[in-house]
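Summary of structural features
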Amino acid sequence: MSQLSDLININLSETTSKVIAEYVWIGGSGMDLRSKARTLSGPVSDPSKLPKWNYDGSSTGQAPGEDSEVILYPQAIFKDPFRRGSNVLVMCDAYTPAGEPIPTNNRYKAAKVFSNPEVVAEEPWYGIEQEYTLLQKNVKWPLGWPSGGYPGPQGPYYCGIGADKAFGRDIVDAHYKACLYAGINMSGINGEVMPGQWEFQVGPAVGISAGDELWIARYILERITEIAGAVVTFDPKPIEGDWNGAGAHTNYSTKSMREEGGYEVIKKAIEKLSLKHKEHIAAYGEGNERRLTGKHETANINTFKWGVANRGASVRVGRDTEKEGKGYFEDRRPASNMDPYVVTAMIAETTILGKN
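Residues numbered from 1 in each chain as written. Predicted model: local features only at pLDDT ≥ 70, side-chain atom pairs only at ≥ 80, totals over all residues. Heavy atoms only, no water.

**Observations regarding the packing of helix α2 (residues 106-114) against helix α10 (residues 340-353)**
The condition is simple: Helix axes are fitted only over the stretch in contact, all axes being lines through C-alpha atoms; the angle between N-to-C directions runs from 0 to 180 degrees. What counts as a helix is a DSSP run of H or I of at least four residues, what counts as a strand is a run of E of at least two, and both are numbered from the N terminus. Here is the rule for angles: anything less than 35 degrees is roughly parallel, anything more than 145 is roughly antiparallel, 65 through 115 is roughly perpendicular, and the remaining ranges are oblique. A clockwise turn of the near helix away from the far one marks a right-handed crossing, whereas an anticlockwise turn of less than a right angle marks a left-handed crossing. We call two residues contacting when some pair of their heavy atoms lies within 4.5 Å.
At a minimum axis separation of 9 Å, α2 and α10 run at an interaxial angle of 25°. Compared by their axis directions, α2 and α10 come out roughly parallel. At the point where α2 passes α10, the crossing takes the left-handed sense. Contacts between α2 and α10 pair N106, R107, A110, V113 and F114 from the former with Y341, V342, T344, A345, A348 and E349 from the latter.

Structure (structure tokens):
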């Protein structure tokens, strides 16, 4: 194995100017990440300078077998924490050979929202709290849980330390550092309420970059769990019963919200969200009805309510924001398996472009 590790860690720059670009895209389910690598003649920092590339869409549920070619358009570049050096990860979206976005290309739709002059002027910031659960590979049961059994009740696990409370910290810390290395604005991590469940936070990120960064962070996490022999799930309620679900709370502010008088802008934005509650819920992740029950720090899926410092609300406003009269709010409804392109664009569209 040491020879294999030596080969994996070869520093290409010692013998060649060529670099490896790992193209990453989202498959047909909307949650399955795919990737493949190609050789470039030298380092590239501008995604528009990267070549487009095709893949077999019939094998990802995105094209029929008789017309299976789908084209990858490079959109964002990140440093590769696995190959290192000048090698890169490339976040892509997908198009037909004729240049039309395929139906599952939610990035294209989000980019149209974020390029709207009204949205650009408001400089929307996002901070996404991505919760996830680590599973044992062979039994698909949470890491650290007895096989076929249950640990003690919730209470000691949130931000807990110790071998009987924190399960999978090596994976979590490796992911944290790898994301920072890649250039993702990872702002923190913590253990969650259910044992085996963790959270990382991406942001603040502006506009479309929030989606790019979160998807690449998910990709890096999948790769690290692959190495570690574990499985990550973004299911919003991986274990039924008296256990917390997993969400992707989305913190949000605009330029107007961050300036003097911003609290009134925030309240108007929340009112707009309340009027579109059903539409947002429908786009906020599959299986979310199993999580948004009104228990375990959630509001009921059928009810919209907001409050200051209320973690049982649909939308929470922080005490600091209320006190300072400006700042941000947190949409607590998105599920852990939400598409960040969909959620971030929808929030901007409703709050900035939506009419009172």
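Continuing now.
**Some thoughts on helix α7 (residues 262-275)**
Every α-helix carries 3.6 residues per turn, so stepping three or four residues along brings you back to the same face. Heads up, the rule is: Each residue after the first adds 1.5 Å to the expected span of a helix. When accessible area is computed with a 1.4 Å probe and restricted to protein chains, residues below 20% of their type maximum are described as buried, those above 50% as exposed, and intermediate ones as partly exposed.
Compared with an ideal rise of 1.5 Å per residue, which puts 14 residues at 20 Å, α7 spans 20 Å between its outermost C-alpha atoms and is within 8% of the ideal. Those residues of α7 that sit buried are G262, Y263, I266, A269, I270, K272 and L273.

**Looking at unusual backbone geometry**
In this chain, G203 is followed by P204 through a cis amide linkage whose omega measures 5°. With respect to the helices and strands, the residue P204 is situated in strand β8 (residues 197-206). Of note in this structure, R84 is not a glycine but carries a positive phi near 60°. Secondary-structure assignment places R84 in the loop between β4 (69-79) and β5 (88-95). Backbone geometry at H296 places phi at a positive 50°, although glycine is not the residue there. Assignment of secondary structure puts H296 in the loop between α8 (277-283) and β11 (306-308). Under the relative-accessibility criterion, H296 is labelled partly exposed at 23%.

**Thoughts on α2**
Under the convention used in this document: Our arc is simply the arc of the directions from the helix axis toward the C-beta atoms. Polar contacts, as used here, are pairs of N or O atoms within 3.5 Å; protein pairs need one atom able to donate a hydrogen and one able to accept it. Residues neighboring in sequence count only if both atoms are side-chain atoms.
Where α2 is concerned, the buried positions are R107, A110, V113 and F114. Across the axial projection of α2, the buried residues extend over an arc of 115°, all falling on one side. Where α2 is buried, its residues contact β4, β5, α3 (117-122), β6 (125-136), α5 (209-228) and α10. Backbone nitrogen of R107 and a side-chain oxygen of the N-cap are separated by 3.2 Å at the start of α2; the cap is N105.

**Remarks on the environment of I239**
Mapping I239 onto the fold places it in the loop between β9 (230-233) and β10 (248-253). Residues I239 and L273, 34 residues apart in the sequence, show an inter-C-alpha distance of 30 Å.

**Notes on the pattern of salt bridges**
Using the following cut-off: When a carboxyl oxygen of Asp or Glu lies within 4 Å of a side-chain nitrogen of Lys or Arg, that pair is called a salt bridge.
Throughout the structure, instances matching the rule amount to 16 salt bridges. With a shortest N-O distance of 3.1 Å, R332 and E330 are connected by a salt bridge. Across the pair, E330 and R332 agree in class, each one buried. One continuous salt-bridge network, built from bridges that share partners, spans E22, D80 and R83.

**What about the packing of aromatic side chains?**
Filter applied, for reference: A pair of aromatic rings is counted whenever rings of Phe, Tyr or Trp (Trp by its six-membered ring) have centres within 6.5 Å, and the orientation is called stacked for planes under 30 degrees apart, edge-to-face for over 60 and tilted otherwise. Placement of a positive charge over a ring is assigned whenever Lys NZ or Arg CZ falls within 6 Å of the ring centre and within 35 degrees of the normal to the ring plane.
What the rule picks out here adds up to 13 aromatic pairs. Ring geometry for F114 and Y126: centres 6.0 Å apart, planes at 85°, overall edge-to-face. With F114 in helix α2 and Y126 in strand β6, this residue pair connects regions lying 12 residues apart in the sequence. Members of the aromatic cluster, connected to one another through ring pairs, are F114, Y126, Y252 and F329. Looking at R218, its charged tip hangs above the ring of F234, at a distance of 5.2 Å from the centre.

**A short note on the UniProt feature "domain: GS beta-grasp" (unreviewed entry) in the protein**
Stated formally: UniProt positions are given in the numbering used here, feature names are shortened, and annotations may be inferred rather than shown by experiment.
Residues annotated in UniProt with the feature "domain: GS beta-grasp" (unreviewed entry) correspond here to residues 19-99. When the span residues 19-99 is considered, its composition is 0% helix and 48% strand, and the gap between its end C-alpha atoms is 27 Å.

**Some remarks on the environment of E122**
Counting through the fold element by element, E122 comes out in helix α3. On a C-alpha basis, the gap between E122 and M257 in space is 9.0 Å, while along the polypeptide they are 135 residues apart. Apart from the residues lying within four places of it in its own chain, the contact partners of E122 are T254, K255, S256, R258 and I352.

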